[in-house]
Every structure is written in C-alpha cells, then in structure tokens.
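# Structural overview
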Amino acid sequence: PFGLCTIISGNTGTEKSSFARGMINYALSNDLRALHAPSTIVNCRNYNDALSFEKYFFGFVSTDERKRGLLSRSNNGFIVLENIEYLYPSTLNLLMSMISSGYYNFVNSLEKVKLKAMIILTTDLSLNDEKIKNITSYIPVKITLQDIDSRGSYEKVELIMDLFSKEAKAIRRNLKVAKDVIYWLSTNHYKMNITELQNDIRNTLSNAHLDALNAKSTTISVSLYH
C-alpha cells in the first residue's frame, strides 16, 4: 500500500533523481497519493558519519528526548536517498533490514515501527558492485538507466527538444531552433550524459540570445553558427 522499494542505477548525468521525481509525480497526478504527501530527497554524500545520518533518518531515543526521524515524518509519502554508496556499511545493513522486514527502530530503541513510506534509492554503481550487492538483493524493483549515447537517436532528439523547451520557459522567450542544430547535438557523444548535453545547449543558447539582443528580436533563432 505504500509503494515498492526501488533502486535506480546509472552513470553520472543519467538523471536518476529526475527519474525518481517522475515516479513521485506520476503517483501524485494519478491519485495514488494525496497531493500534500511528504516527499524528501536526501543526498547521502552530505553525511560524514553513520550516527548523524541514522539519527536524522530513523529518529532516536535518549534519556531526556525522543525525536522522530525522517521516516516517521514521511508516512504515506516518499523518500529518495541519492548516492547510497556513500553510506557506511552499518547504515546499509540497517536499511537492508528495514526493507526486508518492513519495520525499523529508532536509534537506541528496540521498539519496532512500521515502514509507511516509499523508499527510492539511487547509485552511480552497478547493481552487482560488492559495496551495494547485499542491499540490492532485498530490493524488489531495480531500474538501470543507460547512458544517453546508448539509447538511440529518437530518444536523444526527444531529450534535446525537452531541454530546449525547459530553457525557453526559464528565460521566457520563444525559440526557433534550426534542424541542423538538433542533428549536430544528436550526433555528438556525451561522457557526462544529460548533464553535458544540457551544458552544450545552454552555451549554444547563450550565443543565440546575445545575437537576439543585438537584433532586438522577440524570438531567439538558434543556428549551427551559435
């Protein structure tokens, strides 16, 4: 009833977090969750020690305090854990236990609390990597995003058009993009995947925008020259 735990793997720049947000938006827009359902993205790189992450994520009990963690605050919602390979092995073991049993404990407590949130994990590692292989085996849904150079020309063109569309909305200007620009971008190779493609589009659009300002045009025409 709360969603199957999912892990998304792929190289840097394959937009794993965007894919996770897409899953969440799908659930919200199709009434699988209330529109006000809590949704949190956590970058595991930002935690230097296991205990600070575990207190934040699971909550903790001390002699004078009981503090709810992110899990308790996310009931009927979603939690995205980015870059789980940066978590300590002990923390990964706690996550593995939670995923397999459906229950978790506050730090320093033996009380079992039912998991009521959908957990989405992301990693740059292969799902067979030794560092995450154990936890991966307990996760029912596994998604691997290919590099954009492996996805075929049709999807690449769709990505390019979508990125131009997002830039047009961001700068609130109409764009007229020449076909040879689309072709040139679609035949390039991108080691950093969508991140690199987006940077190429922004640089191209920046040159075109400057020309449009000089010409005092309301529409930005993007040509191969740019």
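This report concerns the structure included in the present document.

Conventions and cut-offs
- Residues numbered from 1 in each chain as written.
- Predicted model: local features only at pLDDT ≥ 70, side-chain atom pairs only at ≥ 80, totals over all residues.
- Heavy atoms only, no water.
- Phe/Tyr/Trp six-rings, centres within 6.5 Å; stacked < 30°, edge-to-face > 60°.
- Buried < 20%, exposed > 50% of the residue type's maximum accessible area, 1.4 Å probe, protein only.
- Helix = DSSP H or I, 4+ residues; strand = E, 2+ residues; numbered from the N terminus.
- Contact = heavy atoms within 4.5 Å.
- Expected span 1.5 Å × (residues − 1).
- Arc of directions from axis to C-beta.
- Salt bridge = Lys/Arg side-chain N within 4 Å of Asp/Glu carboxyl O.
- Lys, Arg positive; Asp, Glu negative; His and termini not counted.
- Polar contact = N/O pair within 3.5 Å; in protein donor to acceptor, adjacent residues only side chain to side chain.
- Pairing = 2+ DSSP bridges.
- Axes fitted to C-alpha atoms, helices over the stretch in contact; angles between N-to-C directions.

## Observations regarding the packing of aromatic side chains
- Counted according to the given criterion, the structure contains five aromatic pairs.
- Considering the side-chain rings of Phe-57 and Phe-58, the 5.0 Å spacing of their centres and the 90° angle between planes classify their relative orientation as edge-to-face.
- According to the relative accessible area criterion, Phe-58 is buried, its value standing at 3%.
- Taken together, a centroid distance of 6.3 Å and an interplanar angle of 45° make the contact between Phe-58 and Tyr-104 tilted. Here the residue Phe-58 occupies a position in helix α2 (residues 50-58), and Tyr-104 occupies one in strand β6 (residues 103-105), the gap between them amounting to 46 residues. By the burial criterion, Phe-58 is buried, and Tyr-104 matches it.
- A connected cluster of aromatic rings, assembled from ring pairs, spans Tyr-47, Phe-53, Tyr-56, Phe-57, Phe-58 and Tyr-104.

## Details of unusual backbone geometry
- With phi around 65°, Asn-76 is a residue other than glycine that occupies positive phi space.
- Turning to its location among the elements, Asn-76 is positioned in the loop between α3 (70-73) and β5 (78-82).

## Comments concerning the environment of Gly-77
- Secondary-structure assignment places Gly-77 in the loop between α3 and β5.
- For Gly-77, a relative accessible area of 0% puts it in the buried group.
- The spatial distance from the C-alpha of Gly-77 to the C-alpha of Arg-202 is 34 Å, given a sequence separation of 125 residues.
- With residues near it in sequence (within four places) discarded, Gly-77 still touches Arg-33, Ala-37, Pro-38, Lys-116, Ala-117 and Met-118.

## A look at helix α1 (residues 16-29)
- In this model, α1 (14 residues) spans 20 Å end to end at C-alpha, consistent with the 20 Å of a helix rising 1.5 Å per residue.
- All buried positions along α1 are accounted for by Lys-16, Ser-17, Ala-20, Ile-24, Ala-27 and Leu-28. Around the axis of α1, the buried residues are gathered within 125° of arc, so they sit on the same side. Turned more than 90 degrees away from the buried face of α1, the exposed residues are Tyr-26 and Ser-29.
- Buried-residue contacts for α1 involve β1 (6-9), β2 (39-43), β5 and β8 (118-123).
- Looking one or two places after α1, you find Asp-31, whose phi comes out positive at around 60°.

## Observations regarding helix α7 (residues 179-187)
- Turning to α7, its buried residues are Val-181, Ile-182, Leu-185 and Ser-186. All buried residues of α7 fall inside an arc of 125° around its axis, so they share one side. Those residues of α7 that are exposed and aimed more than 90 degrees away from the buried face are Lys-179 and Tyr-183.
- Against α6 (153-171), β10 (174-177), α8 (193-215) and β11 (219-222) lie the buried residues of α7.

## Points about the pattern of salt bridges
- Applying the stated criterion across every chain yields a total of seven salt bridges.
- The salt bridge involving Lys-166 is made with Asp-162; its shortest N-O contact spans 3.2 Å. Here Lys-166 and its partner Asp-162 are both found in helix α6, four residues apart, which amounts to about one turn of the helix.
- Overall, Lys-166 belongs to the partly exposed group, its relative accessible area being 48%.
- Arg-202 serves as the salt-bridge partner of Glu-167, at 2.8 Å between the closest nitrogen and oxygen. One end of the pair, Glu-167, is in helix α6; the other, Arg-202, is in helix α8, with 35 residues separating them in the sequence.

## Quick word on the side chain of Arg-173
- Tracing the sequence through the fold places Arg-173 in the loop between α6 and β10.
- Of the side chains with opposite charge, Asp-211 lies nearest to the buried Arg-173, which makes no salt bridge, at 12 Å.
- A polar contact of 3.4 Å, which involves the side chain of Arg-173, links it to the side chain of His-209.

## Describing the sheet that holds β2
- Spatially, five strands are ordered β2-β5-β8-β1-β9 in an open sheet, and the strand pairing comes out parallel. Of all the strands in the sheet, just β2 and β9 (141-144) have a single pairing partner and so form its edges. Within this sheet the neighbouring strands show an average axis-to-axis angle of 15°, counted without direction.

By themselves these figures say nothing about function.
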